[in-house]
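Residues per chain, in single letters:
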Amino acid sequence: MEPPSLISIMMAIPTLFISTLDHHRFYLYINQGSGQFAEEAIERGTALEVEDPLHRGYSIAVGDYDKDLYPDFYVTSIFDNPGLPQPPGYTGNRLYRNNPNSSVFDELSSQLEIRNGGFGWGTAFFDADNDADLDLIATNGIFTYGPELPEPTRFWINQNAAFQEASEGFGITD
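What comes next is a walk through the structure.

Conventions adopted
Along every chain, residues carry numbers that run from 1 in the direction the sequence is written. Under the rules for a predicted model, residues below a pLDDT of 70 receive no local features and side-chain atom pairs below 80 are neither given nor counted, while totals for whole chains, interfaces and linings still include all residues. As a rule here, side-chain values cover all heavy atoms of the structure and leave hydrogens and water aside. Each helix is a run of H or I in the DSSP string that is no shorter than four residues. Each strand is a run of E no shorter than two, and both are numbered from the N terminus. Exposure is judged per residue with a 1.4 Å probe applied to protein chains only, and the accessible area is read against the type maximum: over 50% gives exposed, under 20% gives buried, and values in between give partly exposed. Contact between two residues is taken to exist if any of their heavy atoms lie within 4.5 Å; hydrogens are not considered. Residue burial considers only the protein chains on display, and all accessible areas are found by Shrake-Rupley using a 1.4 Å probe. DSSP bridges decide pairing: two strands pair if at least two such bridges lie between them. For helices, the fitted line uses only the C-alpha atoms of the stretch in contact; every axis is such a line through C-alpha atoms, and the angle between N-to-C directions lies from 0 to 180 degrees. Pairing of aromatic rings covers Phe, Tyr and Trp, the last through its six-membered ring, and needs centres within 6.5 Å; plane angles under 30 degrees mean stacked, over 60 mean edge-to-face, and all others mean tilted. Here, nonpolar core means buried Ala, Val, Leu, Ile, Met, Phe, Trp, Tyr and Cys residues that are tied together by side-chain atoms lying within 4.5 Å of each other.

1. Focus: the overall build of the protein chain
Alright, step 1. Assigned secondary structure in the protein chain consists of 0 helices and 12 strands.
Alright, step 2. For the protein chain, with 174 residues in total, the buried portion stands at 44%.
Alright, step 3. Look at the contacts in the protein chain between residues 6 or more apart in sequence, and 42% of them connect residues 24 or more apart.
Alright, step 4. Put simply, the protein chain shows about 8,800 Å² of open surface, and 55% of that area lies on carbon and sulfur atoms.

Right, dumping it as structure tokens:
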């Protein structure tokens, strides 16, 4: 197994989400309060039931983008892009909204139009426009031996828990 990307998410008690590289599923370890953790990614909607090489993750951003006091997380991955040297079917970035009314996460990246992040690497939530909500950035890139392929950094401004592409307006043009 490749080295995992690891983050501690503070819910009621410390919890761990692990996004593994390449051909491994995600893991979500819920603190049982007794010094023990239980792996519950499938039950809570953050992993597929089988290992799928098309469902992968590289970087994790944790933040409360919808201001419901529950941490959400965004995972970068690979999105199908004609012209990139990759097999078809990569699923793209994912936003897991921590649903305060249940014990599961809602995957909302397509609905919020933030799934297509290119060949995703790093990501972060931060308040770029100082309006007290978390905006989102995801950097991309791929090395090829052929012609350079555009893989610009993506930046989305948060407007009432909905995201709008705003890279050019903020001068993010790499």
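That shown, we press on.
2. Quick notes on the pairing of strand β3 (residues 27-31)
Alright, step 1. With respect to burial, β3 is a largely interior element, 4 of its 5 residues being buried.
Alright, step 2. Across 3 bridges, the pairing between β3 and strand β4 (residues 37-39) is antiparallel. For Y29, the partnering residue across the bridge sits in β4 and is E39.
Alright, step 3. Linking two consecutive strands that pair antiparallel, namely β3 and β4, is a turn of 5 residues; a positive phi of about 80° is found at G33 within it.

3. Topic: the sheet that holds strand β5 (residues 60-63)
Alright, step 1. Read from one edge of the open sheet, 4 strands run β5-β6-β7-β8, paired in antiparallel fashion. Of all the strands in the sheet, the pair left with one neighbour each is β5 and β8 (105-107). Taking the axes of each pair of neighbouring strands and ignoring which way they run, one obtains an average angle of 20° across the sheet.
Alright, step 2. Sheet topology note: the strand β7 (residues 94-98)/β8 ladder contains 3 bridges and is antiparallel. In the sheet register, Y96 faces β8, and the bridge partner there is E107.

4. Some remarks on the environment of S103
Alright, step 1. Its location among the elements puts S103 in the loop between β7 and β8.
Alright, step 2. Each C-alpha atom, one on S103 and one on R44, is 6.3 Å from the other, the two residues being 59 residues apart in sequence.

5. A short note on the sheet that holds strand β11 (residues 154-158)
Alright, step 1. Strand order in this open sheet of 4 strands is β9-β10-β11-β12, and the pairing throughout is antiparallel. The open sheet has two edge strands with one neighbour each: β9 (120-126) and β12 (163-165). Adjacent strand axes in the sheet meet at a mean angle of 20° when their direction is disregarded.

6. Brief notes about the packing of aromatic side chains
Alright, step 1. Per the stated rule, a full pass over the model turns up 6 aromatic pairs.
Alright, step 2. Linked through ring pairs, F73, Y96 and F105 together constitute an aromatic cluster.

7. Description of the nonpolar core
Alright, step 1. Membership of the largest hydrophobic core is limited to 12 residues, which are A61, Y65, Y74, L95, L108, L112, I114, F125, L136, A138, W156 and F163.
Alright, step 2. Ignoring anything within four residues of it in the chain, the contact list for A61 reads D72, F73, Y74, T123, A124 and F125.
Alright, step 3. One finds L28, A47, F73 and Y96 within the second-largest nonpolar core, a separate group that totals 10 residues.

8. Observations regarding the pairing of β11
Alright, step 1. For β11, a buried count of 4 out of 5 residues is recorded, marking the element as mostly surrounded by other parts of the structure.
Alright, step 2. Across 3 bridges, strand β10 (residues 135-140) lies against β11 in antiparallel orientation. In the strand pairing of β11, I137 is matched with F155.
Alright, step 3. Count of turn residues in the β11/β12 antiparallel hairpin: 4 residues, of which N160 carries a positive phi of about 55°.

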